[in-house]
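Coordinates in review
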Amino acid sequence: MASEMVMPAPVCLIENTGEQLVANQEALKILSAHKNPLVVVAIVGLYRTGKSYLMNKLAGKNKGFSLGSTVQSHTKGIWMWCVPHPKKPNHTLVLLDTEGLGDVEKGNNQNDSWIFALAILLSSTFVYNSMGTINQQAMDQLHYVTELSDRIRAKSSPNANGLEDSADFMSFFPDFVWTLRDFSLDLEVNGLPITADEYLENSLKLKRGTSESDHNFNLPRLCIRKFFPKKKCFIFDRPTHRKKLGQLETLHDNELDSEFVQQTAVFCSYIFSNSKTKTLSGGIQINGPRLENLVLTYVNAISSGDLPCMENAVLALAQIENAAAVQKAIAHYDQEMSQRVQLPTETLQELLDLHQACEKEAIELFMNSSFKDVDHLFQKDLGAQLEKKRDDFFKQNRQASTDRCSDLLKDIFSPLEEAVKQGIYSKPGGYRLFIQKMQELKRKYLQKPGKGIQAEEVLQEYLKSKESMTDAILQTDQTLTEKEKEIEVERVKAESAQAATKALEEMQIKNQQMMEQKERSYQEHVKQLTEKMERDRIQLLEEQKRTLACKLQEQSQLLKEGFQNESKQLHNEIENLRRNMARPRTV
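Reading the values: rules and limits
- Within every chain, residues take consecutive numbers counted from 1 along the sequence as written.
- Local features in this predicted model are restricted to residues of pLDDT 70 or higher, and side-chain atom pairs are both shown and tallied only at a pLDDT of 80 or more, whereas totals for entire chains, interfaces and linings draw on every residue.
- With hydrogens and water stripped out, all remaining heavy atoms of the structure feed into the side-chain values.
- UniProt positions are given in the numbering used here, feature names are shortened, and annotations may be inferred rather than shown by experiment.
- The way it works is that DSSP assigns letters per residue, a run of H or I at least four long becomes a helix, a run of E at least two long becomes a strand, and they are numbered from the N terminus.
- Classification of residues uses two cut-offs on accessible area relative to the type maximum, computed with a 1.4 Å probe and protein chains only: under 20% is buried, over 50% is exposed, and between them is partly exposed.
- Residue contacts are defined here by distance: any two heavy atoms, one from each residue, within 4.5 Å place the two residues in contact.
- Two strands form a pair only when DSSP identifies at least two bridges running between them.
- As a rule, the C-alpha atoms of each element are fitted with a line to give its axis, helices using only the stretch in contact, and angles between N-to-C directions run from 0 to 180 degrees.
- Two rings from Phe, Tyr or Trp (for Trp, the six-membered ring) form a pair when their centres sit within 6.5 Å of each other. Planes less than 30 degrees apart are called stacked, planes more than 60 degrees apart edge-to-face, and all others tilted.
- Working rule: Lys NZ or Arg CZ, within 6 Å of ring centre, within 35 degrees of ring normal, means a charge sits over the ring.
- Should an angle lie under 35 degrees it is considered roughly parallel, over 145 roughly antiparallel, and from 65 to 115 roughly perpendicular; all remaining angles are considered oblique.
- By convention the crossing between two helices is left-handed if the near helix lies anticlockwise of the far one by an angle smaller than a right angle, and right-handed if it lies clockwise.
- As defined here, a cavity is a set of points on a 1 Å grid over the protein atoms alone where a 1.4 Å probe fits but cannot get out. A pocket is an open set with protein on both sides within 12 Å along at least five of seven lines, and residues line them when an atom is within 4 Å of a point.
- Grid points are joined across faces, edges and corners, and a volume is the space filled by probe spheres set on the points.
- Gly is placed with the polar residues, together with every amino acid not listed as nonpolar (Ala, Val, Leu, Ile, Met, Phe, Trp, Tyr, Cys and Pro) or charged (Asp, Glu, Lys and Arg).
- A pair is scored as a salt bridge if a Lys or Arg side-chain nitrogen falls within 4 Å of a carboxyl oxygen belonging to Asp or Glu.

The name an unreviewed UniProt entry assigns to the protein is Interferon-induced guanylate-binding protein 1, from the organism Neovison vison. Per its UniProt entry, the protein bears the Sequence similarities (unreviewed entry) comment "Belongs to the TRAFAC class dynamin-like GTPase superfamily. GB1/RHD3 GTPase family."

Listed below in structure tokens is the structure:
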């Protein structure tokens, strides 16, 4: 389990300076320390509607997010509180409390729409908090949802008509929860009781007609239905007498309305049990560092005058994550090789086998950490770095073997060389004694362990460097006839030629082993890439199925309500989804 930074109180994540939104670096540092998957719950609504109270309850506290006790808005910007998830081990619950919308003291409410959009972009569950019932006034106050397509782009390139399919938003958007505070109506239709969810569903029904009034009535409802795949509603009684509302932080549950206490407990239980881990397209789970990068990407886009683009944000995050995944894989390879390899290895194949095992682990680590590696650029970079690492180990292995063999030859043959300098072999019969000693020392050298792959090559280089010394002893040995000396010279040449041929054959074998290892490395990359692409394909198919199911459900509802135009549009979107799901994907 990753260690979590304990947050005793919320901090401002995105500051609203009045002119622009600015990410708080200290808050980002705190966020990035949370390595566990995140469940992100954001709450939005008009100011002074009790949003902060619900968020404090989700944090398991009475105090934390500022409640205030006047008509002034207390929360500015977006505030964050990271707490251990009460029902999901190894998960962090991130609570985002937002500045109250429609605060008359702000003068310029331009940033309200951006705060609304950011809350949707960053959360996995989006809570909209309002007072009273769902009437036209409540819908009019929710006009921000009708501006989402003007504030957010799902893809960097829209379709041929310059429009974006609502399915593109559904695949990114969070679940929608509407909390109704100080709700005083009886939940019933035609005298029959209904649930809060059924109340919400009835409230989102569209009007027949094509007038401007009908359009204004239908637009926010249609946007909620199309953009949010999952919708939920909770109602709350007034918590206490009006005069005590400013003391909610200090009141115990037994001092509050019992219905309100129960309703709050049901709401919190639902959020804890049903709010999903924040994910990106492809099932990529969001942790603290990833959410930090999303915050920066979106806020920077807004500050520069651009529209936050979900696809671009994912790709930008992928660039950062994939670069880190390459470094992580390389670091793992380096660590494992340093622990497993003892240079020099006796054979090249021993080194290549160790490299292959560590390389496989490094590729697996990269595949598990990377996502959306467009054109496999980062995987290719990893492959190139691993190949260079292998070549570097090959050179180090050669050098270690060369050094080891050179030291051995020096230790073994130094007494012989000293004897030659003292003229011990410069006498009749000295040549045969010298050759006998050379053969004895060669056997001794060859029997020594741990010489590595350069044993024969270094030996032959040493013997070649001593040919002049050997020839001098041969020529001074007066017991040998000229014919015998010629024969001995030819024998030495033949041995040298035989050794050269053997060295060439060994070099060819080594080259063949290197080529075979390159092919195995390539096949390992292809194998793991194919497996990852198949997992991604299955994940994408599941996402498309869920989106299609939502679309079908929405179309069915529209058909029931008799709205053929909207039904036709949804039908076309469903057909597009089906075609995309049926389209073959290439590796």
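Picking up where we left off.
**Section: the overall build of the protein**
Secondary structure assignment for the protein yields 18 helices and twelve strands. Split into buried and exposed, the 587 residues of the protein put 47% on the buried side. Within the protein, contacts between residues separated by at least 24 positions form 74% of all contacts whose residues are at least 6 apart in sequence.

**A word on the sheet that holds strand S10 (residues 231–235)**
Strand order in the open sheet made by the eight strands is S2-S1-S4-S5-S3-S6-S7-S10, with mixed pairing throughout. Two strands in the sheet have a free side with no partner beyond their single neighbour: strand S2 (21–23) and S10. Averaged over neighbouring strand pairs, the angle between their axes works out to 20° when direction is ignored. Sheet topology places strand S6 (residues 125–131) next to strand S7 (residues 175–181); seven bridges connect them, and they run parallel. The partner of Asn129 across the bridge, within S7, is Thr179.

**Remarks on the packing of aromatic side chains**
A complete count under the given rule lists 19 aromatic pairs for this structure. Between Phe234 and Phe267, the ring centres sit 5.4 Å apart and the planes meet at 85°, which makes this aromatic pair edge-to-face. Remark: Phe267 occurs in helix H9 (residues 258–274) and Phe234 occurs in strand S10; sequence separation between them is 33 residues. As far as burial versus exposure is concerned, Phe234 and Phe267 are alike and both buried. Each member of the aromatic cluster is reached from another via a ring pair, and the members are Phe116, Phe126, Tyr128, Tyr144, Phe173, Phe176, Trp178, Phe227 and Phe228. Positioned above the aromatic ring of Phe236, the side-chain terminus of Arg181 is 5.5 Å from the ring centre.

**Topic: the environment of Cys233**
Note that Cys233 resides in strand S10. Sequence separation between Cys233 and Phe176 is 57 residues, and the spatial gap between their C-alpha atoms is 8.5 Å. When neighbours within four sequence positions are excluded, Cys233 is seen to be in contact with Trp178, Leu180, Ala196, Asp197 and Leu200.

**A word on the pairing of strand S5 (residues 92–98)**
Most of S5 is tucked away: seven of the seven residues are buried. Residues Thr92, Val94, Leu96 and Thr98 line one face of S5 and the alternating positions Leu93, Leu95 and Asp97 line the opposite face, and both faces are buried. Sheet topology note: the strand S4 (residues 78–84)/S5 ladder contains seven bridges and is antiparallel. Opposite Met80, over in S5, you have Leu96 as the bridge partner.

**Side note on the packing of helix H11 (residues 310–340) against helix H13 (residues 377–421)**
Running from N to C, H11 and H13 cross one another at 20°; their axes reach a closest spacing of 10 Å. The angle between H11 and H13 places the two elements in the roughly parallel class. Considering the relative orientation of H11 and H13, their crossing is right-handed. Between H11, through Gln319, Asn322, Ala323, Val326, Gln327, Ala329, Ile330, Tyr333, Asp334 and Met337, and H13, the contact on the second element is made entirely by Phe378, Asp381, Leu382, Gln385, Leu386, Lys389, Arg390 and Phe393.

**So, unusual backbone geometry**
A cis geometry characterises the amide bond from Leu343 onward to Pro344, with omega recorded as 0°. When you line up the elements, Pro344 lands in the loop between H11 and helix H12 (348–369). Located in the positive-phi region is Asp182, a residue other than glycine, with phi close to 55°. Note on Asp182: relative accessible area 21%, which makes it partly exposed. Phi angles above zero are rare outside glycine, and His376 is one such case at about 60°. We classify His376 as partly exposed; its relative accessible area is 26%.

**Considering empty space enclosed by the protein**
Inspection of every chain in the model, using the stated rule, returns two cavities of 30 Å³ or more. Taken as a whole, the largest cavity holds about 60 Å³ of empty space. Lining the largest cavity are Ile120, Leu121, Phe172, Phe173, Lys278, Thr279, Leu280, Tyr298, Met310 and Val314. Of the residues contributing to the lining of the largest cavity, the split by class is eight nonpolar, one polar and one charged.

**Observations concerning the layout of surface pockets**
Each pocket or cavity is described by its volume, and for the second largest pocket that value is around 640 Å³. What lines the second largest pocket is a set of 25 residues, and nearest its centre among them are Gln460, Leu463, Glu495, Ser496 and Ala499. Contributing elements (two or more residues each) for the lining of the second largest pocket: helix H14 (430–447), helix H15 (455–465), helix H16 (467–476) and helix H17 (482–561). Ranked by residue count, the leading element in the lining of the second largest pocket is H17, at nine residues. Taken together, the residues that form the lining of the second largest pocket break down as ten nonpolar, five polar and ten charged.

**Considerations on the pairing of S6**
Taking burial as the measure, the seven residues of S6 include six buried ones, the bulk of the element. Two elements, strand S3 (residues 38–45) and S6, share five bridges in a ladder whose sense is parallel. Considered in S6, the bridge of Ile43 is made with Val127.

**Things to note about the pattern of salt bridges**
Applying the stated criterion across every chain, the model contains twelve salt bridges. Residue Asp182 is joined to Arg238 by a salt bridge in which the shortest nitrogen-to-oxygen separation is 3.9 Å. Within this pair, whereas Asp182 is found in the loop between S7 and strand S8 (188–189), its partner Arg238 is found in the loop between S10 and H9, the two being separated by 56 residues in sequence. For Glu336, the salt bridge is made with Arg340, and the minimal N-O distance between the two is 3.0 Å. Placement of both Glu336 and Arg340 in helix H11 is noted, with a separation of four residues, approximately one turn of the helix. Look at Glu336 and you get buried, because its relative accessible area is 14%. Accessibility expressed as a relative area gives 32% for Arg340, which makes it partly exposed. Overlapping salt bridges, with partners in common, bring together Glu336, Arg340 and Glu361 in one network.

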